[in-house]
Each structure stands twice: as structure tokens, then as C-alpha cells.
Amino acid sequence: MAEYRHREIEKKWQQYWENNHTNKVEIDTTKPKCYVLDMFPYPSGAGLHVGHPLGYIASDIYSRYKKLQGFNVLHPMGFDSFGLPAEQYAIQTGQHPAITTEKNIATYIGQLKNIGFCYDWSREVRTSDPAYYKWTQWIFMELFNAWYNKESDKAENVATLYDLFAKGGSNAAKAVCDEELPEFTAEEWNSWSKEKQYEVSLNYRLTYLAESVVNFCPELGMVLSNDEVKDGVSERGGYPVIQKKMSQWMMRITAYCDRLISGLDTIDWSESLKDQQRNWIGKSNGASVKFEVENSDKKIEVFTTRIDTIYGVSFLVLAPEHEWVADLTTSEQKGSIEEYILETQKRSELDRMSDVKKVSGAFTGTYCINPFNGERVPIWIADYVLAGYGTGAVMGVPSGDQRDWNFATHFSLPIIPILDAQADIETQADATKEGKYINSGMINGLNYKEATAKLVAYLEENKIGRGKINYRLRDAVFARQRYWGEPVPVYFKPNAEGTLVPHLVDKKDLPLILPEIDKYQPTETGEPPLGRAKDWTYTPEGSSEAYPLEMSTMPGWAGSSWYWYRYMDANNDTDFASKEALDYWQDIDLYLGGTEHATGHLLYSRFWNKVLKDLGYVQQEEFAKKLINQGMIQGRSNFVYRVKDAEKPTFVSFGLKDQYETVKLHVDVNIVEADVLDLEKFKTTRNDIGDDPQFILEDSKYICGSEVEKMSKSKFNVVNPDTLVERYGADTLRLYEMFLGPLTESKPWDTRGIEGTYRFLRKFWRLFFDQNGNPIFKDEEPTKDELKSLHKTIKKVAEDVENFSFNTSVSSFMICVNELTDLKCHKLAILKDLLITISPYAPHIAEELWEQIGEKESITKTTFPTFNPAYLVEDSFEYPIQINGKVRVNINFPADMPKEDIERQVLANEQVIKWMEGKELKKIIVVPKRIVNVVV
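This text gives an overview of the structure that appears in the document. What you are looking at is a predicted structure, and each value in this text was computed from that prediction instead of being measured. (Residues numbered from 1 in each chain as written. Predicted model: local features only at pLDDT ≥ 70, side-chain atom pairs only at ≥ 80, totals over all residues. Heavy atoms only, no water.)

If you look at the biggest cluster of nonpolar residues, it comprises 178 residues, and the most contacted ones within it are Phe140, Tyr591, Trp608, Phe764 and Phe768. Look past the residues within four positions of Phe764 in its chain and what remains in contact with it is Val817, Leu834, Leu835, Ile838, Ile845 and Leu849. Ranked by size, the runner-up nonpolar core spans 45 residues in total, among them Val302, Ile310, Ile379 and Ala393. (Core = buried A, V, L, I, M, F, W, Y, C linked by side-chain atoms within 4.5 Å. Buried < 20%, exposed > 50% of the residue type's maximum accessible area, 1.4 Å probe, protein only. Contact = heavy atoms within 4.5 Å.)

Structure below.
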């Protein structure tokens, strides 16, 4: 084969792998397992750009390397195929989301196969496949049928809860549940009907219905998660989002707060990501205290980490969504309160938390009573307090908290000093804990530790509060008012009072299939899209009556919170995965994905995994031993410069733009090469530049400006990997993406650099074939220099792959090929091991050359070469000899020669004697394997 024909070679081997099931994996207890997983993608219509495969290439290299080391490697791929974009497209076009999703998945699979990944496609999963979401629904039911026992510190089936209630009433069960639930005795429990017992148990389950403040988008007719809202509008479509209280399915993730924190110490994830999770969970020690509302039987509960500041409270703030706001608002304040609430609804929780400069609020007209000094405290509402965090109420201590100080200053509220060490509180808050307390009743003269202990004791003795550990993390909303998601396997049956009570469908009726509907928007009466389904009801076994099914669907994170287990046994009809598969594969050894999932997917996945462990379905507390967050490949944008107010559309080249008043416009990077714009393509691909655009050129060229930005369609800087694979080959793309820089760091994409990687592969090819296509490889004994070059590379690549330093491996390959070319090495003893070493990075060319040298089996069936350190041992070293600081001669000595012998031979050397010029020797210094200094 005269030339390296990448298109022909890559198609050949991709077909070979598919036909021969090369990457198919089965349980093999004779081999150690290695489970390598990429966070599976959402299949968007845009397909992959060159930034997407970065992590996939790294995991593929690692998988292929571990297989060569003798591991049984599970490396699957699938698709997170429920999602809002497909539904939005369905709303706009009327096309079923499944059709769009199927088309997008086909595009993705084609692109992924085109890059030569070693995925076991027989295990592919799709979250929108009923065969998959049957088990997502099953897990929901397992959570619904579980409660969290504080004494055993784990989730248990509700049957154990029933047993405790039957023996000792509500106090017998140390459960994570809603606070201040009604107490009952064992006698009362045992006297109740099964229906009443069931309804009481609903307050204790890990999955439950509750009123929750959510991000609601009226235009989309659905609830959005915090990461789907940007600057008060929906990320998709840019529609206004309001804060709204709705009945939602919730999951009691807060039961696992301590285990979610402590588990981070047992896994090899980056410290920055673990810190994000710790901060998101937000464990804090403090106290809960109740403020009685004046002229009311209501008591507002506040959690504070600084109970020592209780005497400095000059106001109390409720979240605008707090359920008591309407009741506490006087008629005089009603207008201003309603206006403020309306404005607050337009801002997302994230905006409200992050905006620390703007001060706003409204007075309810009502007061509460400080339980320690009996002072009247005005009750306000303000958007910096969130209903979903803590109790939705905070006490304002302006002398010790800057946000409270800003609020008090803005609204002319008192600022009470509480410590003699506080300084300058007229100009800013001072949060010190130093000094002795003043203006603080029973704790005057005490220090922080003494005061805190005394106040907590008083709270508990007088039953007006208690010491408490609190968490910032809230229970997870588990519902979306949309169509394209997993149906919740719940129907509603009225009880004796006519209240609709949730019940699970029978497990034998799973999957509960998503029904066909005529439109994908909410109903005219505001119900979710499933309200449009005909006969969306369920008839329990033994009943003649059909009951309404839940109309919300599961959120986007449902299917991604357990998918790694399905890959272990993807085609199992009777279990989410068999015990044999779970026992063998256990957990993920290497997980790759983006940091954007730190507090979403990764937190929810850890939660679900812990529940499955508690209930005895899996062995591991944590689902992924090691996690690597790959950096982002940024786009290199190009720009043209349009002259303002020109009679015709006129564009001036970059070097001349400062002579004109211009507007900078993005231009498609695919019609720019080395910053030179293809003018004819520019004219035909843009419909916004007129029929006869004018160009002011430099040296007959239009030079574009450039800038590094996020890769996106809106910036016209997306580079399609298909184009590069066609032009340069998948192996070139794989090597180049790794060569760009360290895996975990962001780096700019520059297509110009890929040419050098392509040249390297052609040079590699030339070690096997001459320019006429004649084979030049031969069976001959390798030299020491050839073995040294090879084993230096084997050692470096093995270390690099284990350390995920893939960029330096590519450099090692280039150095090795250059050295072997200079040595005119075409010896199979060297080339065979080099082929195996490079094969995880460039599998297609490795397979082809492996076949060309006469090997019958796929290179994937071989073993990674063993590094032999003996080949790197130097026999001799050439010492530079300095005389009075200047190198005058170089002399070779055996590498292990003693210093005394080197000194003696240097001083006897004719050239050294000549340069010493008869002067007396002052000293001679030998630095082993470095240099010799002669001082005269």
C-alpha cells in the first residue's frame, strides 16, 4: 500500500469490529474487571462538535489499554433521551418527540462509530425506551415504599415502620420525616383502618407529595430546575420564569445529607468537585427558635447558626412565598406586599441568592415577640429569603450580619450592638465572636461559647426551640409538568372524605407507557400535557373502577441516576440487572464527564445508589470509584468587520479596520483557513450581507480577526468532527485532541494544528512501507539504541495512561518515530511492540499495519508490551570538561566509573593538559553523569 489511505483503512476496521463483535464483553470471572463509563449524552439535533469527543477519546484510550493489560473491560454507551429540547421542537412542529430523538440518536451513533470508539453497542440504553424506564419507574416505587430509620441509619421497607408503630406508636420510629407531625399511640395506630394507616405512612416515605416553591414557566407550562433557568428566563426559549407554589412529588434526599458528605472521603474525585457538593449540602450547627406572632397563635420558626446574637434582633424576614404572608399582612400593607410578591416571582432563586447589592423588601404590618427579651419585632418580607431553604424565615441582626445591616440601614431599622468587641457598626456589620456580650440580658458578660450553651439550654428547657443541625440542601423536586418524560407510576383514589390519595400501580403493570396525545402543550385548563391523553386512568386488580393517573412526568435526572447498572445487564427482562452481573461489575472504576453535573446528576445518583444499597439491591455505597472532569475545548472564533454607514455592505480586512468605524461580526470558521476568508463562500453562505458586498483587502486577501470563545452555533465557531475525520482520519483527530493539552484543562481548538498530527501518522506509516508502497519491515535483531527508544516510549505511555496524561503520550510517540526514522529502523521486533503501544490512541492504523506485517488476529487480542529497564541503562556517558568555566573537550567514560578514576584520566588527557597551559591545579570537581570542572 503506497500511501496511508485513512478513509479506506478506517471504514475497513470499523466494519471488521462490528462484524466480529470485537468490543462485545461478557462476564469472565477468570479476569479482573474494569468498568469505564462516559456520562451519556443528550442527543441534540446539532450532533457532536469537536469539543464533545474529548472525554470519550480519553476513556476509549484507557479502555483499550486496560484490555491489553488483561482486564475484562466494560465500556458502554447510551443516550439520555428524554429531554426538553425534543419536546419544544414537538410543540413547535407537532412532530412526536420520539421521532426527533430517534433521528438525533442515529446521527450521534454514526459520529461515534466514525471516531472508532470501542463501545459495546449491544448494551446501548436509552432512557426513553419503555424497556429501560420500566426500571426507572420500579426504582421510584422502591423509594415510595421505603422510609429512613435514624437508628439503623439507612432506608428500610415501610413494613418495618408499620411494625414499630404497632408496638410503640409514632415515638417508636426515629424517622426522617416532616417535622411536627401529629403524635399517636400504638393503640390508636392499631385501631385505625388500613386506609388510615396508609395515609399516615405517606408522611414518612422517601418519595412523597408536598407543596413546594418551584420555578414555573407559564409559556412552557412546566416546572424548571434551577440549572434550566438563566437570569430569570428559561434556558430554552428565553421565556419568563416565576416562583410558584405547587403540589409536587418530592424525594427525601435530605435523609442522606451526612452520608453524602462522609462518602466523599471514600472516593477519588477532584477536591474542587467534592467541595461543590459539600457546600451545596451545606451542613451547619445552630439552633431553632420560635417567635410568637403578636395577637395570634402562630409561631414563626427560625434556624440560626448564631443564637448568641438573639438580643440583637431588630426585624424578622419571611420569604415572599411563605405560606403565612397573606395571613400576617395588615390591610394597610396589602397593596405593597402583593406588588412586591409579584416582582419577586419574576426572579429565579439563583438570581435572588447571588444579588447581594440590591436591597428590597416590604413590611407586613405585623409584629412578633423575641422570646428572650419580649421585644416587639417587625415582620418583613424580602426576596433574599427563600421558602425552600430552612424555614423560609430569618432573624435580622444588623450589627453582626452585613446583609441585615444593609437592610436595616435602607429601611431605618435599629442596629443594636451585642458584643463589646464589635467595632464601627455605624458604617458596617461586625460578625466577630470575640469579646463579652452587652445589651444581651442573661448572657451579658459571657463569651461566645458560654453564651451559646446557656441560650440553647434555655430554649430547650422552655420548649421554645432546640439545638439543631441544619442543611442547605432541600428535598429534591421529582416532577415536571411536561410530556416527554417517564410517567410516574401512581394513580389517585379518593378516601372516605373524598380526598385523592396517591397509590402505586401494580409492579406487574410496568412499564406504564407514555400515552399518545394530540398536542404537547398543557391543556387549556392548565393541566400538564398528559391531561390530553385519552383514558389516562388505571384500574387496580380486583376493582371495577378506573382512577386518574399522575399527569406530571419524572424530571430529566431520573433516568440518569442509575443507568450504569443497566449497562451491566442491558437486556434483562426480569430485573434491572442480575445478581451475577451486579456482583461481578460492582461499580464504575473510571467515570468521565463535565463539572456542570456536580450538584445535579452526580448528587442525585449518589443518593439513589445509597437507597439501592440500603434496600439490599447493590453492594457499593458509592457508584463511581474515580471521576475525572475533562476540560472544555473552546472554539476559535473568526470575525469580519463591516463598515458602518457605507452605501453598500462593505467589509474591511483585520489589519485595516482601525481606519474605519466598524461592526464586528462572527463568520463561519469552516470557510476560513489560516485566518484568510474564502470570499466566494462567504457571499453564498450569508443572506444578511446583500447582493454585491464590497471588500477592502490586504495583499489581495481578506484577513479575519480571531478570538477564543465557547464553541457554539451562535458564534459560528463549531467544527464538525465528521469533516475532520473525512479529511484527516479518526486516528488523527483522536491523537490531536489528546495532544492539545492536559485532559482536565480547557484549551482552544485550532484546526491548523491538526495537519502536524496527520504528518506524524504518515511518517509512522513510512517505518513499514517505502514511498512506492513496498514493505520494508524485516526480521533482524534490534540495536541497543532502537530498544532504548522503544522501551522509553513503552514506559512513558504506560505511566501516562495510568495518570491520564494523554497529551505527553502523543509527544512520546512523535519522538520515538523520529528517533526510529533517524536510526533507519524497520525491524519487526521494535515495530510490533510500538504498534501495540500506539493502538489505544490510533486503533485503525494499528490494526491495518498489524495485519500488513502478517498477524492474523486483531491487535486488540494482544498484550501490552512489558517495559524492560535494562534497555535504558547507559553503558557510558560523554562528560563535557570545563577548564576555568569554559568547555574545552568532551570525553566518554563508562557510566559506572568511580569519580577518582574519572579525575585521574581527565588530568592525563592531552587536550586537557594543553588547555591547562602548565598552570597549577587548584581543584577538580566531578558531577556524576553531568560535568567535570577543572580549576587552575
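The structure having been displayed, the exposition proceeds.
A separate point is the packing of aromatic side chains. On inspection of all chains with the given rule, the structure shows 72 aromatic pairs. Between the aromatic rings of Phe363 and Trp380, the centroid separation amounts to 5.5 Å while the plane-to-plane angle is 35°, which identifies the pairing as tilted. Here the residue Phe363 occupies a position in strand β13 (residues 362-369), and Trp380 occupies one in strand β14 (residues 376-381), the gap between them amounting to 17 residues. Each member of the pair Phe363 and Trp380 is classed as buried. A centroid spacing of 5.1 Å and a plane angle of 40° characterise the contact between Phe372 and Tyr458, whose relative ring orientation is tilted. Taken together, the residues Phe372 in the loop between β13 and β14 and Tyr458 in helix α15 (residues 448-461) connect sequence positions 86 residues apart. According to the relative accessible area criterion, Phe372 is buried, its value standing at 11%. On the basis of relative accessibility, which here comes to 26%, the residue Tyr458 falls in the partly exposed class. (Phe/Tyr/Trp six-rings, centres within 6.5 Å; stacked < 30°, edge-to-face > 60°. Helix = DSSP H or I, 4+ residues; strand = E, 2+ residues; numbered from the N terminus.)

This next bit is on the side chain of Asn807. Mapped onto the elements, Asn807 comes out in helix α24 (residues 806-822). Here Asn807 falls in the buried class, since its relative accessible area comes to 16%. If we skip the residues at most four places from it in the chain, Asn807 touches Met738, Phe739, Gly741 and Pro742.

For the rest of this paragraph, the subject is the pattern of salt bridges. Considering all chains together, one arrives at 54 salt bridges under this definition. One salt bridge connects Lys33 with Asp589, and the closest N-O pair in it is separated by 2.8 Å. Of the two residues, Lys33 is situated in strand β1 (residues 33-38) and Asp589 in the loop between α17 (579-585) and β22 (590-593); the sequence distance between them amounts to 556 residues. Each member of the pair, Lys33 as well as Asp589, is classed as buried. Across the pair Asp658 and Lys657 runs a salt bridge, and its minimum N-O distance is 3.2 Å. Looking at Asp658, the relative accessible area reads 70%, which means it is exposed. One connected set of salt bridges, linked through shared partners, spans Arg259, Arg606, Lys610, Lys613, Asp614, Glu621 and Glu622. (Salt bridge = Lys/Arg side-chain N within 4 Å of Asp/Glu carboxyl O.)

Attention now moves to the packing of helix α21 (residues 730-739) against α24. Two elements in contact, α21 and α24, have axes separated by 7 Å at closest approach and are oriented at 120°. Taken together, the axes of α21 and α24 are oblique relative to one another. Contacts between α21 and α24 involve Leu735, Met738 and Phe739 from the former and Phe806, Asn807, Val810, Ser811 and Met814 from the latter. (Axes fitted to C-alpha atoms, helices over the stretch in contact; angles between N-to-C directions. Parallel < 35°, antiparallel > 145°, perpendicular 65-115°, else oblique.)

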